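Listed below, chain by chain, are the residues.
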Amino acid sequence: MKEKIITFLRDAFPFVAVILLWRLSVAFWNPAGILAIIPIFYCSFVKPAPWFAPFAVLFCFLIDYRFDTTFYWTIMYCLFYAINGFQSFFDLTRVDKNAVNIFMIFFGTSTFILSLFHLNFDNIVRAIWLFAWVSTLYVPITSLIKKVYDDR
């Protein structure tokens, strides 16, 4: 019985990580729960979890709701999901360093496009800070998920 509970908790960890990072929204450190995009990306593309894609779309929508961006992160996630599904050159499940470079391309492009909507100095600085902060936290968060989720 104990093993079944531990297995359930390990399987649920990616989902719980997304919920916690989304709920721990703080204006400067985690605006609109954007840090939840890290486990969403990792558990969708690098270490796909069963039934995670619909959950990821829902939480991208919830990030959009808090960010007050109409379907932006949801569209970017779905676009990258489609690109990843049609490509055959890269296999993100076998990329080194938890695919941090691919994540930086995804998040950097998304953040850059978002900052162009209202182009001013404040938004550019905010986009640079957000990109640097989220990219820095990608490795520790994905390492934790990898340790808990893959430790079977």
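These figures come from a predicted structure and were not determined experimentally. (Residues numbered from 1 in each chain as written. Predicted model: local features only at pLDDT ≥ 70, side-chain atom pairs only at ≥ 80, totals over all residues. Heavy atoms only, no water.)

Visitor: Summarise the overall build of the chain; cite the residues concerned and give the values.
Guide: Each helix and strand in the chain was counted, giving 6 helices and 0 strands. In sequence order, the secondary structure elements of the chain are arranged as α-α-α-α-α-α. For the chain, the C-alpha radius of gyration of 16 Å lies close to 15 Å, the compact-globule estimate for 152 residues. Across the 152 residues of the chain, 40% fall into the buried class. Of the contacts made within the chain by residues no fewer than 6 positions apart, 71% connect residues no fewer than 24 positions apart. With the model as given, the accessible surface of the chain reaches about 9300 Å², and the carbon-plus-sulfur share is 71%. Charge separation in the chain, taken as the distance between the mean sites of 12 positive and 9 negative side-chain charges, equals 6 Å. (Helix = DSSP H or I, 4+ residues; strand = E, 2+ residues; numbered from the N terminus. Rg over C-alpha atoms; globule rule 2.2 N^0.38 Å. Buried < 20%, exposed > 50% of the residue type's maximum accessible area, 1.4 Å probe, protein only. Contact = heavy atoms within 4.5 Å. Areas by Shrake-Rupley, 256 points an atom, 1.4 Å probe, with all protein chains shown as cover. Lys, Arg positive; Asp, Glu negative; His and termini not counted. Charge placed at Lys NZ, Arg CZ, Asp CG, Glu CD.)

Visitor: Quick rundown of the packing of aromatic side chains? Include the residues and the values.
Guide: The tally for this structure, following the rule as stated, stands at 27 aromatic pairs. Ring centres 5.6 Å apart and planes at 85° place the aromatic pair Trp22 and Phe59 in the edge-to-face group. With a gap of 37 residues between them, Trp22 in helix H1 (residues 2-23) and Phe59 in helix H3 (residues 52-67) connect regions that are remote in the sequence. There is no split in this pair, since Trp22 and Phe59 are both buried. Measuring from centroid to centroid gives 5.4 Å for Trp129 and Trp133, while their planes differ by 15°, and the two rings are stacked. In this pair, Trp129 and Trp133 are both assigned in helix H6 (residues 121-150), 4 residues apart and thus about one turn of the helix distant. Using a relative accessible area of 23% as the deciding quantity, one classes Trp133 as partly exposed. (Phe/Tyr/Trp six-rings, centres within 6.5 Å; stacked < 30°, edge-to-face > 60°.)

Visitor: Go over the nonpolar core, please, and point to the residues and values.
Guide: Across soluble globular proteins, you tend to see nonpolar side chains buried next to one another. Judged by nonpolar contacts, the single largest core of 40 residues is most densely connected at Ile37, Ile38, Phe41, Phe103, Phe107, Val134 and Tyr138. Elements with a contribution of two residues or more to this core: H1, helix H2 (37-46), H3, helix H4 (72-86), helix H5 (100-116) and H6. Residue contributions to this core peak at 8 residues, all from H2. (Core = buried A, V, L, I, M, F, W, Y, C linked by side-chain atoms within 4.5 Å.)

Visitor: Break down H6 for me, with residues and values.
Guide: Each α-helix turn comprises 3.6 residues. Residues three or four places apart therefore point the same way. Given a rise of 1.5 Å per residue, 30 residues ought to cover 44 Å, and the 42 Å separating the end C-alpha atoms of H6 matches this to within 8%. The largest bend in H6 is about 35°, located at Tyr138, with the proline Pro140 one to four residues further on. For H6, the full list of buried residues reads Asn123, Ala127, Leu130, Val134, Ser135, Leu137, Tyr138, Ile141, Thr142, Ile145 and Tyr149. Next to the buried residues of H6 lie H1, H2, H3 and H5. Two or three places before Asp122, at the opening of H6, Asn120 has a side-chain oxygen 3.2 Å from that residue's backbone nitrogen. (Expected span 1.5 Å × (residues − 1). Bend = angle between axes of the 7 residues up to and from the residue. Polar contact = N/O pair within 3.5 Å; in protein donor to acceptor, adjacent residues only side chain to side chain.)

Visitor: I'd like a rundown of the environment of Phe80, residues and numbers included.
Guide: For Phe80, the position within the fold is in helix H4. Separated by 65 residues in the primary sequence, Phe80 and Ile145 have C-alpha atoms spaced 21 Å apart. Residues contacting Phe80, with those up to four places away along its chain left out, are Phe41, Phe45, Leu92, Ile102 and Phe106.

Visitor: Explain the confidence of the model for the chain to me, and be specific about the residues and the numbers.
Guide: Keep in mind that low pLDDT regions are not for reading the predicted coordinates in detail. Across the chain, pLDDT averages 91, with 97% of residues at or above 70. Predicted confidence in the chain is weakest over H4, with a mean pLDDT of 92, and strongest over H3, with 96. (pLDDT = per-residue confidence, 0-100.)

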